[in-house]
Amino acid sequence: MYSISQKRNDIPLQIHFLHYNPTLEINKYLCSVESAAIQNIFHTIIIHVVDTVTFEAAIKNWRSTIDTSVSTRIVIRKLDWLSMMTNTPLEPWFREERYKKSKWVNQNLGNAWRLGLIWKYGGVYLDMDIVSVNPLAGIGRSLAKQDSKRFNNAYFSFPKEDKFIWAVMQEFVDAFNGYRWGWNGPEMITRFYNKTCGSTELSGVCDGLNVAPTASFFPIKYGERAWLFEDWTNHCDLLRTISETAVGLHWWNKRTPKTVISNETLTAVVLKNACPGVFRAFSDQQLGIGVNGLLGGKAYKEVEKGMRTVPRLSIMILPPRVKAIHVVATIVCLTFLVSLNLLRPVRMQSVPKPDQTLIKTAIELRSSLQANETFQTAISKWKSALPSHMRNRIAIIPLDWERAMLQTPLEQWWLEQRWKESKWVDQNLGNAFRLGILYKRGGVYLDLDILSLNPVGAMGRSIVMQDPNRMNNAFFSVERRDAFMWASPHLACEGLSVAPMSRMFPIQYENRGSLFDRFTDQCNVAAQFADEAVGVHYWNKRTQYTGLSNKTMLAVMMKLACPVVFEVFSQSELKIHENGVLGGDEYYKVEKQDVF
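Residues numbered from 1 in each chain as written. Predicted model: local features only at pLDDT ≥ 70, side-chain atom pairs only at ≥ 80, totals over all residues. Heavy atoms only, no water.

1. Notes on the packing of helix H1 (residues 29-39) against helix H2 (residues 52-65)
Phase 1 of the analysis: Running from N to C, H1 and H2 cross one another at 65°; their axes reach a closest spacing of 12 Å. Considering how the two elements wind past one another, H1 and H2 form a crossing that is right-handed. Here Leu 30, Val 33 and Glu 34 of H1 lie close against H2, whose contacting residues are Phe 55, Ile 59 and Trp 62.
Phase 2 of the analysis: Its residues assigned to classes, the contact of H1 with H2 comprises 5 nonpolar, no polar and 1 charged. (Axes fitted to C-alpha atoms, helices over the stretch in contact; angles between N-to-C directions. Helix = DSSP H or I, 4+ residues; strand = E, 2+ residues; numbered from the N terminus. Left-handed = near helix turned anticlockwise from the far one by under 90°. Contact = heavy atoms within 4.5 Å. Nonpolar A, V, L, I, M, F, W, Y, C, P; charged D, E, K, R; others polar.)

2. Some thoughts on the sheet that holds strand E17 (residues 470-478)
One key point about sheets: their strands pair by backbone hydrogen bonds, in either a parallel or an antiparallel sense.
Phase 1 of the analysis: On the basis of which strands lie adjacent, the open sheet formed by 4 strands has the order E14-E17-E16-E18 and mixed pairing. The open sheet is flanked by strand E14 (443-446) and strand E18 (497-499), the only strands paired with a single partner. Shown here is a sheet whose adjacent strand axes are inclined to one another by a mean of 30°, direction ignored.
Phase 2 of the analysis: Taken together, the 3 bridges between strand E16 (residues 462-467) and E18 define a ladder with parallel strand orientation. Within E18, the residue paired with Val 464 across the bridge is Ala 499.
Phase 3 of the analysis: Sitting on the sheet, helix H19 (residues 425-441) touches E14 and E17, and the angle it makes with E17 is about 30°. (Pairing = 2+ DSSP bridges.)

3. Quick word on the confidence of the model for the protein chain
Phase 1 of the analysis: Mean pLDDT over the protein chain stands at 82; residues scoring 70 or higher make up 84%.
Phase 2 of the analysis: Mean pLDDT across the secondary structure elements of the protein chain bottoms out at strand E12 (residues 363-368), with 56, and peaks at strand E2 (residues 44-49), with 98. (pLDDT = per-residue confidence, 0-100.)

4. Points about the sheet that holds strand E7 (residues 151-158)
Phase 1 of the analysis: An order of E3-E2-E1-E4-E7-E6-E8 is seen for the 7 strands of this open sheet, with the pairing classed as mixed. A single partner strand is all that each edge strand has here, and the edge strands are strand E3 (74-78) and strand E8 (210-212). Across the sheet, the mean angle separating the axes of adjacent strands is 25° when strand polarity is ignored.
Phase 2 of the analysis: Bridge count for E2 against E3 is 5 bridges, and the pairing is parallel. Looking across to E3, one finds that His 48 is bridged to Arg 77.
Phase 3 of the analysis: Packed onto the sheet, H2 meets strand E1 (14-19), E2 and E3 and runs at close to 165° relative to E3.
Phase 4 of the analysis: Against the sheet, helix H8 (residues 186-196) makes contact with strand E6 (142-145), E7 and E8, and its axis sits at roughly 70° relative to E7, the strand it touches most.

5. As for the pairing of E17
Phase 1 of the analysis: Taken together, the 4 bridges between E14 and E17 define a ladder with antiparallel strand orientation. Along E17, the bridge assignment pairs Leu 446 with Phe 475.
Phase 2 of the analysis: Bridge count between E16 and E17: 4 bridges; the pairing is antiparallel. Directly across from Ser 462, in E17, lies its bridge partner Ser 477.
Phase 3 of the analysis: The antiparallel hairpin formed by E16 and E17 contains 2 residues in its connecting segment.

6. Some words on the packing of aromatic side chains
Phase 1 of the analysis: Counted by the stated rule, this structure contains 24 aromatic pairs.
Phase 2 of the analysis: Between the aromatic rings of Tyr 29 and Trp 251, the centroid separation amounts to 6.5 Å while the plane-to-plane angle is 40°, which identifies the pairing as tilted. With a gap of 222 residues between them, Tyr 29 in helix H1 and Trp 251 in the loop between strand E9 (248-250) and strand E10 (261-262) connect regions that are remote in the sequence. Accessibility assignment for this pair places Tyr 29 and Trp 251 in one class, buried.
Phase 3 of the analysis: Ring centres of Phe 229 and Tyr 300 lie 4.3 Å apart, and the angle between their planes is 10°; this geometry places the pair in the stacked category. Placement of Phe 229 in the loop between helix H9 (214-217) and helix H10 (236-245) and of Tyr 300 in helix H14 (residues 297-305) is noted, with a sequence separation of 71 residues between them. Tyr 300 matches Phe 229 in its accessibility class, with the two residues each being buried.
Phase 4 of the analysis: An aromatic cluster of at least three residues, connected via ring pairs, comprises Trp 93, Phe 94, Tyr 99, Phe 172 and Phe 176. (Phe/Tyr/Trp six-rings, centres within 6.5 Å; stacked < 30°, edge-to-face > 60°. Buried < 20%, exposed > 50% of the residue type's maximum accessible area, 1.4 Å probe, protein only.)

7. Looking at the state of the cysteines
Phase 1 of the analysis: Overall, the coordinates contain 2 disulfides when judged by the stated rule.
Phase 2 of the analysis: With its sulfur 1.9 Å from that of its partner, Cys 31 forms a disulfide with Cys 275. Handedness here is read from the sign of the S-S torsion; for Cys 31 and Cys 275, about -95°, the answer is left-handed. On the criterion of sequence distance, the pair formed by Cys 31 in helix H1 and Cys 275 in the loop between helix H11 (266-274) and helix H12 (276-281) is long-range, its members being 244 residues apart.
Phase 3 of the analysis: The class for Cys 31 is buried, based on a relative accessible area of 1%.
Phase 4 of the analysis: What pairs with Cys 197 in a disulfide is Cys 206, and their sulfur atoms sit 1.9 Å apart. (Disulfide = S-S within 2.5 Å.)

8. Some remarks on helix H7 (residues 163-174)
Phase 1 of the analysis: The terminal C-alpha atoms of H7, which comprises 12 residues, lie 17 Å apart, in line with the 16 Å expected from a rise of 1.5 Å per residue.
Phase 2 of the analysis: Here H7 lies mainly inside the structure; 9 of its 12 residues are buried.
Phase 3 of the analysis: Taken together, the buried positions of H7 are Phe 164, Ile 165, Trp 166, Ala 167, Val 168, Met 169, Glu 171, Phe 172 and Val 173.
Phase 4 of the analysis: On its buried face, H7 is in contact with helix H5 (90-95), helix H6 (105-121), E6, E7 and H8.
Phase 5 of the analysis: Sitting at the amino-terminal end of H7 is Asp 162, which places a side-chain oxygen 2.9 Å from the backbone nitrogen of Phe 164. (Expected span 1.5 Å × (residues − 1). Polar contact = N/O pair within 3.5 Å; in protein donor to acceptor, adjacent residues only side chain to side chain.)

Encoded structure:
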């Protein structure tokens, strides 16, 4: 046995993948690796492979196309079955070669190996056909449900030498059956959890164990897998739900490992959004994605009938389809409006689900009527570089102050031109405009200097605190004709949530200099943002003319959040470069000289 002081939350920042085939035949697998690195900026991504030299050669071009902040965190290690099983309950099973008594030798070796790995090193294990769409932060020590009845061993998250994993290894060995598909993987985890965690005498190993719901990694369940091959435009609600609630999407690759799929399938759209480097490095043909590829659930089922990679034994019994939650997940990035489309949900307390009228399927950027054509020209290159499913949801609309304010309490103020009685005319017009447009149309308003880190949909109908004593109008999330926008007596605050400052103002005004500190000195702070914040207000009016160093926390977060912006615009255009301001003290010196 073992002796250990259990640390339930001490999970190493590393994500492990296992690739036991001799060569890389399915290049789409790299999408899982790249997306895991993009979504989890503090994690090291480790791929365990049979032949490191061959594998490194296969991914050389891909490595060169992705940002160094991503590529330097991807490590290739030699796969060693024995080392992970030595000094564990798995060792005699391996040395006696009991794994050879099986129809699926590599699969069962992999089932055992991942348990030994997580026991010895801790961290997160993911199957190669799970693409990350949101960060892992906040999940903790956990397993994942595949459906309402079963778990799946495609995902683990545990600290080193966790007693639950030790007990699972014993179950694996004691009940091993190499001739029943799934028995030593998903069924083994399900079997062990049900008999152990439901038992008063044995439940100690389950203390503090979280269960990630089906939506976290299996938003498209096994019985629904044909949806992965259907036209993505027929599943917009599902895509929004995945964006809002999922951490990863398991795409069931063993059912169609070498089938060429259409680039209009739901799978292709999710992958292309999640791992742009893979799609730059490999051709459609190399990725098994093409214009004339498989499209449609019926076509998929016909192809699947010819597949013999997985037997039809032990097919999961699935519950009826759960109705998708309609939430906003259409956030994009424009220079300093830096936002992500596929991110982890932010957990809020007592936040109502947004009304259907709150849902918008486009990001609207409003510029003055006279400058609209100039604005369109200025962003045309950036917009054309975006994936079509993002580009098509960005609308540039002429700014019309009057239209927003007519037939509201703002109308008289506007018509009497009282807004001219101010040192800051445009700012006060903007303050009024956002109230009028949100009252008339509903939705979410964000200032252009809010960097989005997580989806806004989970905020519900809400406003946000700037600090312990003040709120801020840089963010609103309200319904159409919301009583709060009009301030109707007795109705304005009913059902309205007030989000804590950590959601949009994790760095308060008084501490704004920390945005310019070196990123490597702010790792814990940035990790907290990834876990808790919906956005980061970075107080751009204080430094709108200041160049910042590309080593600052703000610059690194931006570069990770909107890679297309950094591909299209030069460092000088973005005012982010090696010689920019670095350090809070230096920032405050420059701020005094800046125009405000």
